[in-house]
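Chain by chain, the residues:
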Amino acid sequence: MTPSVLYISYTGLLDPLGQSQVLQYVLGLARQYRMTVLTFEKPDALKDTAQIEATAEKCRAAGVGWHRLAYHNRPGIPATLYDIAMGMRRGIKLAKACRADIVHTRSYIAGMIGMAVKRETGARFIFDMRGFWPDERVDGGIWKAGSRRYKFFKGIERRLFTSADHVVSLTRAGVREYEQFDYLADNPPPSTVIPTCTNLELFRPTEVPDDRAPGFTIGYVGSAGSWYMFDEVTRAVRLLFEKRQDARFHVVNKGDHGFIRNCLNRHGVDLERTVIRTVPYGEVATEIAHMDAGIFFIKPVWSKRASSPTRLGEFLACGKPVLVNGNVGDVAESVGETQTGIAISAFDDATLQDGLDRLLELTEKPGISARCRDAAEARFSLEGGIQSYSAIYDRLAAAIDKRVE
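Residues numbered from 1 in each chain as written. Predicted model: local features only at pLDDT ≥ 70, side-chain atom pairs only at ≥ 80, totals over all residues. Heavy atoms only, no water.

## Quick look at helix 9 (residues 230-243)
Helix length check: helix 9 (14 residues) gives 20 Å between terminal C-alpha atoms against 20 Å at 1.5 Å per residue, within 8%. Burial runs high along helix 9: 10 of the 14 residues are buried. The set of residues buried in helix 9 consists of Phe 230, Val 233, Thr 234, Arg 235, Ala 236, Val 237, Arg 238, Leu 239, Leu 240 and Phe 241. On its buried face, helix 9 sits against strand 8 (217-221), strand 9 (248-252), helix 10 (257-266), strand 10 (274-277), strand 11 (293-295) and helix 14 (349-363). (Helix = DSSP H or I, 4+ residues; strand = E, 2+ residues; numbered from the N terminus. Expected span 1.5 Å × (residues − 1). Buried < 20%, exposed > 50% of the residue type's maximum accessible area, 1.4 Å probe, protein only. Contact = heavy atoms within 4.5 Å.)

Put into structure tokens, the structure is as follows:
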């Protein structure tokens, strides 16, 4: 019998991240499994009836049952605990209704719901961790190390790892870290590394647009706040503009335009040479076609060793080399091994200038676009990620069948 899977995500399908990193996987997995999805959607997104219907139709066409709850972020922890309670109630009900063999949870909050589903139904539990969430909160200055909430969620983290029938990590570096936790050192859980994948049909090299600006264009895609070091990016852009009068900066972003302009003004970047746009997810690849290379920096804190930035695969899939920083997941290792980017380890002007010089040189190398595309196909393929998840589902389903026998 075809295994039944309940997939729980605290990221909504209506979010841009949910469109790229939840929906794409679920639709692919629905070719082989009976998929039921429970997500938490932002209040504003729930007002967009056109997007809800379009997403629901995609799910219906693939045979996916999509169920949604409202996401709450105020007042802080109480709101999150409320969502967890509602998620447990709905998740257990859905798991029983669809006779879920497997509960697949994306991140810690969904994982807490998944543990309750496993306890109540006996479904096999996948903890798709996405990063060291409690430590991300500390490293981001949101929580204090040693605070009660940090200790509480580190306790939850322990239960997630020890309760999971399988753990999915975005990076090899993340696995190395958690396998050293004292409570896992002698008995680590079965693990699979599946990096943040890219839809290679959507993101692919395209012809240079007719309206592309002449000269060299460096591009930025996605959020500019939180973990993303946009001030340092802006400084690099200023150095590039000083070096090349034909240089341009092309930004694709939703919601941070004011912050971005303030950063550019603060660092003396010519706004006349900058384009800032918001486009639907399906049009991001068209915007990347305006760029010669991509740039992004992420705070190199301990928790980010488990992170795999979505934009890396998207840039490479579109044939664009990148300037990035090390000590973030497997980013430096990936671009170094495939020779598709430059990874720096500091952010002083001299290091930024050297990184830019090497990036400019890399973009001129014959076949660089094809090399980037090949790297994306080898490391960040959506189909490859779906196959890896399928292998996990099959192993867990086989163990269930054996237990029943």
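Now that the structure has been shown, the text picks up again.
## Some remarks on unusual backbone geometry
Following Arg 74, the chain continues to Pro 75 via a peptide bond in cis, the omega torsion being 5°. As for its position among the elements, Pro 75 is in the loop between strand 3 (65-70) and helix 4 (76-98). One non-glycine residue with positive phi stands out, namely Ser 226, at about 55°. The residue Ser 226 is located in the loop between strand 8 and helix 9 in this model. Of note in this structure, Gln 339 is not a glycine but carries a positive phi near 55°. When you line up the elements, Gln 339 lands in the loop between helix 13 (331-338) and strand 13 (341-344).

## Considerations on the packing of helix 1 (residues 16-29) against helix 3 (residues 49-62)
Their axes nearest at 9 Å, the elements helix 1 and helix 3 cross at an angle of 30°. The pairing of helix 1 with helix 3 is recorded here as roughly parallel in orientation. In contact with Gln 19, Leu 23 and Leu 27 of helix 1, helix 3 contributes Gln 51, Thr 55, Lys 58, Cys 59 and Ala 62. (Axes fitted to C-alpha atoms, helices over the stretch in contact; angles between N-to-C directions. Parallel < 35°, antiparallel > 145°, perpendicular 65-115°, else oblique.)

## Some remarks on the layout of surface pockets
Taken as a whole, the second largest pocket spans an internal volume of roughly 230 Å³. Those elements that place two or more of their residues in the lining of the second largest pocket are helix 11 (284-288) and helix 15 (368-379). Residues that form the lining of the second largest pocket fall into these classes: 10 nonpolar, 5 polar and 5 charged. (1 Å grid on protein atoms, 1.4 Å probe; cavity = no way out; pocket = protein on both sides within 12 Å on 5 of 7 lines; lining within 4 Å. Points joined across faces, edges and corners; volume = space filled by probe spheres on them. Nonpolar A, V, L, I, M, F, W, Y, C, P; charged D, E, K, R; others polar.)

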